[in-house]
Amino acid sequence: MLTFETGLRILRRAAAALLLGVVVAFANLTPAAAQQPANDAALMEALKGTLSGRVSIPDEKSGLLQQPRGREWREMREGPVKSFGGWLLVAVVVGLCAFFAWRGRVRVEGGLSGRTIERFSPTERFTHWLTAVSFIVLGLSGLNMSFGRRLILPLIGPDAFAGLTEIGKWSHDYLSFAFVLGVFLMAVIWLRHNFFNALDAQWFKDGGGILKKGVHPPSSKFNAGQKILFWAVMLGALVQAVSGYMLMFPFYFADMAGMQLSLLVHAVSGILFVALILAHIYIGTLGMEGAFDAMGTGQVDVNWAREHHSLWAKEELGGARAHGDD
Ligand code: HEM
């Protein structure tokens, strides 16, 4: 029969059990190293090795639960790759702001003439914008994959972040094809203008004509800086496409080590690519008066053409009349 005494004993045991539960819960919240008994330390040591077993599904790789190389890879990605990449992008933005504060906008020193010539045909502009728009989406969605969890998730919360990242991931996969097509067309239409020649040395000596006022190194359709950009885009796109398609089709072309390498190469080269294109966007918009028109309307002012691409302007004008001539 349940007496008052027995009830009291049961209650005391329940309270003791509850107290033990609370102590265990709090102990789990303290850092692992501070509360590890000897047995746990042995377990943690074992976990540093490879943990694998057998699975009954065809994909035998899934029997590997963890391996030291995977952990090293994750530490590398979360540590040096992300901190180097993140700070590099911050440094580029700060550097561009500092350059703008020091140099200001590169003006057309002879003033705008009001007469224009065609710099880029509709085909060239279509190719540029196909590449540029897809690059911007690839860059933003890629950066979200690298940094979003740390920077965007705390701002917009898990639901919005999950939705955003899913849209980003689909866009990244599908727009990769538009980007590759754009770069391919660029190679076809602009390759012949991008071989280096003796003139390019002068461009470097003159600091690209943008460091000092009144300095205008002679240049054909593309100057040495634009040629470097062209080749960097070709190389960058090749690296991104090869590593990116290896990630998109996992284990078709690479084993586990190859997949890990692909992601590191893709992330590092993607960040370098974004840094380069930030500088390109700066000079094409804020940094230089009249530059955006070349890709916007396709028309540039004759004085702009004479100052920045004198040999090309001479060739184009060579007796021909510019738009705006009476
Ligand atoms: C050229 C075609 C490209 C393809 C096929 C491609 C494909 C991929 C794939 C499959 C992923 C992994 C997504 C995942 O983990 O589920 C990825 C991640 C990423 N991509 Fe691309 N990509 C391409 C171009 C680019 C470009 C141009 C950039 C930079 C502007 C870029 C930047 C990134 C970044 C930063 C990541 C995240 C890496 C990380 O996990 O930290 N990608 N890409």
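Broken down by element type, the chain carries 11 helices and 4 strands. Each of the 326 residues in the chain was classed as buried or not, and the buried ones make up 32%. By sequence separation, contacts in the chain at least 24 residues apart represent 75% of the contacts at least 6 residues apart. Roughly 20300 Å² of accessible area belongs to the chain as shown, and the carbon and sulfur atoms make up 69% of that amount.

Scanning all chains against the criterion turns up 17 aromatic pairs. For the pair F120 and F222, a centre-to-centre distance of 6.2 Å together with 25 degrees between the ring planes defines the contact as stacked. Of the two residues, F120 sits in the loop between β3 (116–118) and α4 (122–151) while F222 sits in the loop between α6 (199–205) and α7 (224–248), which places them 102 residues apart along the sequence. Aromatic rings pair up to connect F99, F100, W102 and Y282 into one cluster. The ring of F251 carries K61 above its face, with NZ or CZ at 4.4 Å from the centroid. Sitting over the ring of W312, R119 keeps its end group 4.8 Å from the ring centre.

At 2.0 Å from the iron atom of the ligand lie its protein donor atoms, namely H172 (NE2) and H266 (NE2). Considering all 6 donor atoms around the iron atom of the ligand, angles at the metal cover 83 to 179 degrees and the coordination shape is octahedral. Remark: H266 occurs in helix α8 (residues 256–284) and H172 occurs in helix α5 (residues 153–190); sequence separation between them is 94 residues. The buried category is assigned to H266, whose relative accessible area is 16%.

Near the ligand you find 23 residues, and of these R77, S146, K169, H172 and H266 are the closest. The separation between an oxygen atom of the ligand and a polar side-chain atom of S146 is 2.7 Å. The side chain of H266 places a nitrogen or oxygen atom 2.7 Å from a nitrogen atom of the ligand. Of all elements in the fold, only α4, α5, α7 and α8 reach the threshold of two or more residues within the shell around the ligand. Here the shell around the ligand is built from residues that sort into 12 nonpolar, 9 polar and 2 charged.

Side chains of L191, F195, F196, F204, I228 and W231 sit close together on the surface and give an oily, nonpolar patch of about 570 Å² of accessible area. By the secondary structure assignment, F204 is in helix α6. F204 gets classed as partly exposed once you look at its relative accessible area, which sits at 46%.

Right, let's talk about the environment of G110 for a bit. With respect to the element layout, G110 can be found in the loop between α3 (68–103) and β3. Under the relative-accessibility criterion, G110 is labelled exposed at 54%. The spacing of G110 and N303 is 193 residues in sequence and 6.4 Å in space, taken between C-alpha atoms. Dropping the residues within four chain positions of it, G110 is found in contact with N303 and E307.

At a closest axis distance of 10 Å, the pairing of α5 and α7 adopts a crossing angle of 150 degrees. In terms of orientation, α5 lies roughly antiparallel with respect to α7. In this structure, α5 meets α7 at a crossing whose hand is left-handed. Counting all contacts with α5, which are made through D173, S176, F177, F179, V180, V183, M186, A187 and W190, the residues of α7 involved are F230, V233, M234, A237, A241, Y245 and M248.

The next subject is the pattern of salt bridges. Within the structure shown, the criterion is met by 7 salt bridges. Across the pair E78 and K82 runs a salt bridge, and its minimum N-O distance is 3.3 Å. With E78 and K82 both in helix α3, this residue pair falls 4 residues apart, about one helical turn. K82 sits in the buried class, given a relative accessible area of 9%. Its salt-bridge partner being K227, residue D200 comes within 3.1 Å of it at the nearest N-O pair. Here D200 is found in helix α6, whereas its partner K227 is found in helix α7, with 27 residues between them in sequence. By relative accessible area, which is 6% here, D200 ends up buried. Residue classification places K227 among the buried residues on the basis of a relative accessible area of 3%. Several salt bridges share partner residues, and in doing so they unite R77, E78, K82 and R150 into one network.

About the thresholds
- Residues numbered from 1 in each chain as written.
- Predicted model: local features only at pLDDT ≥ 70, side-chain atom pairs only at ≥ 80, totals over all residues.
- Heavy atoms only, no water.
- Helix = DSSP H or I, 4+ residues; strand = E, 2+ residues; numbered from the N terminus.
- Buried < 20%, exposed > 50% of the residue type's maximum accessible area, 1.4 Å probe, protein only.
- Contact = heavy atoms within 4.5 Å.
- Areas by Shrake-Rupley, 256 points an atom, 1.4 Å probe, with all protein chains shown as cover.
- Phe/Tyr/Trp six-rings, centres within 6.5 Å; stacked < 30°, edge-to-face > 60°.
- Lys NZ or Arg CZ within 6 Å of the ring centre and 35° of its normal.
- Donors = N, O, S within 2.8 Å, 3.2 Å for Na, K, Ca; no water.
- Tetrahedral: all angles 85-135°; square planar, octahedral: opposite > 155°, others 65-115°.
- Near = heavy atom within 4 Å.
- Polar contact = N/O pair within 3.5 Å; in protein donor to acceptor, adjacent residues only side chain to side chain.
- Nonpolar A, V, L, I, M, F, W, Y, C, P; charged D, E, K, R; others polar.
- Patch = residues over 30% accessible without salt bridge, like charges linked within 9 Å, V, L, I, M, F, W, Y side chains within 5 Å.
- Salt bridge = Lys/Arg side-chain N within 4 Å of Asp/Glu carboxyl O.
- Axes fitted to C-alpha atoms, helices over the stretch in contact; angles between N-to-C directions.
- Parallel < 35°, antiparallel > 145°, perpendicular 65-115°, else oblique.
- Left-handed = near helix turned anticlockwise from the far one by under 90°.

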